[in-house]
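Understanding the architecture of this molecule
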Amino acid sequence: PDIQRPFYKRYSTKATIYLMTYAFIGNYWYTHYFYSVLKAEYTMPSHRLNDVPIAMFLATHFYFCTYHVCVGNGILRHVDKSYQKGWMKTILFWFTIL
């Protein structure tokens, strides 16, 4: 259980730092490129970082947390509980992760 670990060793802390980093990189470089290619722009008034509203960095973090916990974890639990143990289940599990 994570409650017995120090804060910096908890899986939730590590996952949050990973997702914050992933969201920042995605918003800073890839969203800017994506909108440049499509000639789209954010129209809401806000402070911006690389022409991306700072609020979008926070929204992306919450979206990724929800997506990874609900969808990713749900699919892995389904694979784990629905298939019998064996090498085929192991391969399906790892391909689901990738």
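Anyway, here's the lowdown on the structure attached to this text. (Residues numbered from 1 in each chain as written. Predicted model: local features only at pLDDT ≥ 70, side-chain atom pairs only at ≥ 80, totals over all residues. Heavy atoms only, no water.)

This brings us to the overall build of the protein chain. Of regular secondary structure, the protein chain possesses three helices and two strands. The order of α-helices and β-strands along the protein chain, N terminus first, is α-β-β-α-α. For 98 residues, the compact-globule formula gives about 13 Å, and the C-alpha radius of gyration of the protein chain, at 18 Å, lies well above that figure. Taken along its principal axes, the extent of the C-alpha atoms in the protein chain is 50 × 35 × 15 Å. (Helix = DSSP H or I, 4+ residues; strand = E, 2+ residues; numbered from the N terminus. Rg over C-alpha atoms; globule rule 2.2 N^0.38 Å.)

Once that is clear, we can look at the packing of helix 2 (residues 54-82) against helix 3 (residues 87-97). Axis separation between helix 2 and helix 3 bottoms out at 10 Å; the angle between their running directions is 175°. The angle between helix 2 and helix 3 falls in the class roughly antiparallel. Only Lys89, Leu92, Phe93, Thr96 and Ile97 of helix 3 make contact with helix 2, whose side of the interface consists of Ile75, Leu76, Val79 and Asp80. Along the lines of polarity and charge, the residues of the contact of helix 2 with helix 3 split into six nonpolar, one polar and two charged. (Axes fitted to C-alpha atoms, helices over the stretch in contact; angles between N-to-C directions. Parallel < 35°, antiparallel > 145°, perpendicular 65-115°, else oblique. Contact = heavy atoms within 4.5 Å. Nonpolar A, V, L, I, M, F, W, Y, C, P; charged D, E, K, R; others polar.)

The next subject is the environment of Pro45. Relative to the helices and strands, Pro45 resides in the loop between helix 1 (11-38) and strand 1 (48-49). Along the backbone, Pro45 and Lys85 are 40 residues apart, and their C-alpha atoms lie at a distance of 54 Å.

A separate point is the packing of aromatic side chains. Under the definition given, this model contains eight aromatic pairs. With centroids separated by 5.9 Å and ring planes inclined at 15°, the aromatic side chains of Tyr18 and Tyr22 adopt a geometry described as stacked. In this pair, Tyr18 and Tyr22 are both assigned in helix 1, four residues apart and thus about one turn of the helix distant. In this structure Tyr18 comes out as partly exposed when scored by relative accessible area, which is 49%. Arranged with centres 5.6 Å apart and planes meeting at 50°, the rings of Tyr63 and Phe64 form a pair that is tilted. Joined through ring pairs, the aromatic side chains of Tyr18, Tyr22, Tyr63, Phe64 and Tyr67 make up one cluster. (Phe/Tyr/Trp six-rings, centres within 6.5 Å; stacked < 30°, edge-to-face > 60°. Buried < 20%, exposed > 50% of the residue type's maximum accessible area, 1.4 Å probe, protein only.)

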